[in-house]
Amino acid sequence: MEQSVEKTASSAPDLTRGPITRTLLLFALPMIAGNLLQQFYHLADTLIVGRYLGPDALAAVGSSYSLMTFLTSILLGLCMGSGTFFSIHYGKRDLARLRSGIFVSFVFIAALTVLLQTAVFLGIDPILRVLHVPASVYSDMREYLCGIFWGISATFLCNFYASLLRAVGNSHTPLVFLGLASLLNVGLDLLFVLHFHWGIAGAAWATVLAQWCAGLGLMAYTLLRVPALRVSRREMKFTRALAGEIAGFSLLTCAQQSVMNFGILMVQGLVNSFGPAVMAAFAAAVKIDSFAYMPVQDFGNAFSTFVAQNYGAQKPERIRAGIRSAVWTTTLFSLLMSAVVCIFAAPLLGIFILPEETEILGIGVQYLRIEGSFYCGIGALFLLYGLYRAVERPGMSLVLTAISLGTRVALAYLLSSVPAIGVVGIWCSVPIGWLLADLVGFGYYRHIRRPAPAL
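Residues numbered from 1 in each chain as written. Predicted model: local features only at pLDDT ≥ 70, side-chain atom pairs only at ≥ 80, totals over all residues. Heavy atoms only, no water.

A.B. asks: Mind showing me how you'd approach the overall build of the protein chain here?
C.D. replies: Looking only at helices and strands, the protein chain has 17 helices and zero strands in total. Taking 23 Å as the expected radius of gyration for a compact globule of 455 residues, we find that the protein chain reaches 21 Å, a close match to that expectation. Burial statistics for the protein chain: of 455 residues in total, 58% are counted as buried. When the accessible surface of the protein chain is totalled, it reaches about 17700 Å², and 69% of it is carbon and sulfur. Seen as two clouds, the 29 positive and the 21 negative side-chain charges of the protein chain have centres 14 Å apart. (Helix = DSSP H or I, 4+ residues; strand = E, 2+ residues; numbered from the N terminus. Rg over C-alpha atoms; globule rule 2.2 N^0.38 Å. Buried < 20%, exposed > 50% of the residue type's maximum accessible area, 1.4 Å probe, protein only. Areas by Shrake-Rupley, 256 points an atom, 1.4 Å probe, with all protein chains shown as cover. Lys, Arg positive; Asp, Glu negative; His and termini not counted. Charge placed at Lys NZ, Arg CZ, Asp CG, Glu CD.)

A.B. asks: What's the story with the pattern of salt bridges in this structure? I'm lost.
C.D. replies: Any two side chains of opposite charge can pair, so long as their charged atoms come close to each other. Per the counting criterion, the structure on display carries four salt bridges. Arginine 97 serves as the salt-bridge partner of glutamate 245, at 2.8 Å between the closest nitrogen and oxygen. Taken as a pair, glutamate 245 in helix H10 (residues 240-272) and arginine 97 in helix H4 (residues 95-122) lie far apart in primary sequence, 148 residues in all. The exposure class assigned to arginine 97 is partly exposed, which follows from its relative accessible area of 26%. Linking arginine 99 and glutamate 235 is a salt bridge whose minimum nitrogen-to-oxygen distance equals 2.9 Å. Taken together, the residues arginine 99 in helix H4 and glutamate 235 in the loop between helix H9 (199-225) and H10 connect sequence positions 136 residues apart. Looking at glutamate 235, the relative accessible area reads 7%, which means it is buried. (Salt bridge = Lys/Arg side-chain N within 4 Å of Asp/Glu carboxyl O.)

A.B. asks: Teacher, can you tell me more about the packing of helix H11 (residues 276-312) against helix H15 (residues 375-390) here?
C.D. replies: The description of two helices packed together rests on the angle between their axes and the distance between the axes. Contact pair H11 / H15: the axes reach a minimum separation of 8 Å and the direction vectors enclose 25°. One finds that H11 runs roughly parallel with respect to H15. Judged by the twist between their axes, the crossing of H11 over H15 is right-handed. Considering only residue class, the contact of H11 with H15 consists of 14 nonpolar, six polar and two charged. (Axes fitted to C-alpha atoms, helices over the stretch in contact; angles between N-to-C directions. Parallel < 35°, antiparallel > 145°, perpendicular 65-115°, else oblique. Left-handed = near helix turned anticlockwise from the far one by under 90°. Nonpolar A, V, L, I, M, F, W, Y, C, P; charged D, E, K, R; others polar.)

A.B. asks: What should I look at first to understand empty space enclosed by the protein in this one?
C.D. replies: Vacant regions in the atomic arrangement are exposed by a probe of water-molecule size rolled over the atoms. Applying the stated rule across the entire model yields two cavities of 30 Å³ or more. Roughly 80 Å³ of volume is contained in the second largest cavity. For the second largest cavity, the lining is made up of 11 residues, of which Gln257, Asn301, Phe382, Tyr385 and Arg389 are closest to its centre. Per-element accounting of the lining of the second largest cavity gives the leading share, four residues, to H15. Classifying every residue of the lining of the second largest cavity gives four nonpolar, six polar and one charged. (1 Å grid on protein atoms, 1.4 Å probe; cavity = no way out; pocket = protein on both sides within 12 Å on 5 of 7 lines; lining within 4 Å. Points joined across faces, edges and corners; volume = space filled by probe spheres on them.)

A.B. asks: Quick question: what am I supposed to make of a nonpolar patch on the surface here?
C.D. replies: There is a patch of nonpolar side chains on the surface, built from Tyr52, Leu53, Val186, Leu190 and Leu194 and spanning about 410 Å² of accessible area. Here leucine 53 shows up in the loop between helix H2 (20-52) and helix H3 (55-92). (Patch = residues over 30% accessible without salt bridge, like charges linked within 9 Å, V, L, I, M, F, W, Y side chains within 5 Å.)

A.B. asks: Explanation requested: helix H16 (residues 394-416) in the structure shown.
C.D. replies: For an α-helix the count is 3.6 residues per turn, leaving residues at separations of three or four pointing the same way. Between its terminal C-alpha atoms H16 stretches 33 Å, which fits the 33 Å expected from 23 residues at 1.5 Å a residue. Turning to H16, its buried residues are Pro394, Met396, Ser397, Leu400, Thr401, Ser404, Leu405, Thr407, Arg408, Val409, Ala412 and Ser416. (Expected span 1.5 Å × (residues − 1).)

A.B. asks: Could you clarify how one ought to interpret the packing of aromatic side chains in this entry?
C.D. replies: The description of an aromatic ring pair rests on the distance of the ring centres and on the angle between the ring planes. Inspection of the entire model under this criterion finds 22 aromatic pairs. Ring geometry for phenylalanine 86 against phenylalanine 160: centres 6.2 Å apart, planes inclined by 85°, an arrangement best described as edge-to-face. Within this pair, whereas phenylalanine 86 is found in helix H3, its partner phenylalanine 160 is found in helix H7 (residues 152-167), the two being separated by 74 residues in sequence. For the pair phenylalanine 86 and phenylalanine 160, one class covers both residues: buried. Relative to tyrosine 444, the ring of tyrosine 388 has its centre 5.4 Å away and its plane inclined at 65°; by these criteria the two rings are edge-to-face. Taken together, the residues tyrosine 388 in helix H15 and tyrosine 444 in helix H17 (residues 424-449) connect sequence positions 56 residues apart. Judged by its relative accessible area of 23%, tyrosine 444 is partly exposed. A cation sits over an aromatic face here: arginine 93 above tyrosine 90, 4.3 Å from the ring centre. (Phe/Tyr/Trp six-rings, centres within 6.5 Å; stacked < 30°, edge-to-face > 60°. Lys NZ or Arg CZ within 6 Å of the ring centre and 35° of its normal.)

A.B. asks: Please explain the packing of helix H12 (residues 316-343) against helix H14 (residues 358-372) as it appears in this structure.
C.D. replies: In contact at an axis separation of 9 Å, H12 and H14 are set at 160° when each is read in the N-to-C sense. Comparing their axes, H14 and H12 come out roughly antiparallel. Both H12 and H14 take part in a crossing whose hand is left-handed. Counting all contacts with H12, which are made through Ser338, Val341, Cys342 and Ile343, the residues of H14 involved are Leu368, Arg369 and Gly372. Taken together, the residues of the contact of H12 with H14 sort by class into four nonpolar, two polar and one charged. (Contact = heavy atoms within 4.5 Å.)

A.B. asks: What should I look at first to understand the confidence of the model for the protein chain in this one?
C.D. replies: Caution is warranted with low-pLDDT regions, since their predicted coordinates should not be read in detail. With 93% of its residues at a pLDDT of 70 or more, the protein chain shows a mean pLDDT of 86. Residue range residues 8-12 is modelled with pLDDT below 50. Its contacts to residues more than four positions away, or to other chains, number 13 contacts. (pLDDT = per-residue confidence, 0-100.)

So this is what it looks like as structure tokens:
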């Protein structure tokens, strides 16, 4: 059976052997490409809606992005936490416990997904009121969300099976399914919005159908093509120790992800209070911002899998060498993206915003040049998240997230209330939060490095 699991990873590098930088990059690149493709789910909606349905529709879809990111981050965090469990036990070659963990985590996360989906449908109007959605945008945003919420369960399937495959070294298969789903999303967007004239609801349903294709496709591939990860009847059982171990990883990682995105959601509510022009600028700029640092976020997740597997295999020297390699790689890439975003801010925003919308363009450029100057800060933070999650200290990832987002939210509300600063205070609060969390994270690493044998 162990050979069968090894075959699962045959299309991807073995993270416990080989040249470290090359191995990390070969594993990370499909993850980066897959997540960038996944962003096309919402990017296609934003682009087509902004170009063909107008600024109010763009503001509605853009504001929905922050809410959906928060909701899906709950599921993503649960799946990422379980993925760490899978990686550690794969590194140990404890395949029986790995398969039992698959069953426990699937049932646990599926139950939470049903609760989450029910809650958001019942609470959609209170949610929109909390977000201070202007009257001109309210109906469009509500219509879009009523459609997009049907994709929450699909998001669970997609992230669960992608995390499982990546945990055992297969980062290529999720890329294939996400790529096909992204192409389907774009095609359905064009069909539903431009041909059938279904408006903003058409954009939502295009995304939902593409998500379900990706989620069901990944589940079918894993069950049919990877028998080593197929759970037998005798392995379908709960034990207190196993459930506790998985919950320790999943819930803390979920808290870290959801706290991070809840803070962003609170900032979205503050942005909404400045009116539709700022909302539209923020909606477009956030897409560019997300694409710019998405690669270092995924590299941080790949780094976490690398560390977790070597932690399970008890290879501390390889972990330390991997940390050095990851820091250099992330720093160089972040500096490159900072230069690109700061120099080409206006042309990049022009992808989403018509040239005559000069006010919106000006606000968006201001945001990108402030955020883009500090991508090294968020790159380092993603590495710290991944490191502490992989060495069974997910609570520290949560602490760093609380510092980063707490600083961001507090400063955003404080600075933006000063008339001379206004909305610029919201933009400036973000890099300050990144850098403060980095200082705490690196300080904690220096504190634990000597007594911790795996660090």
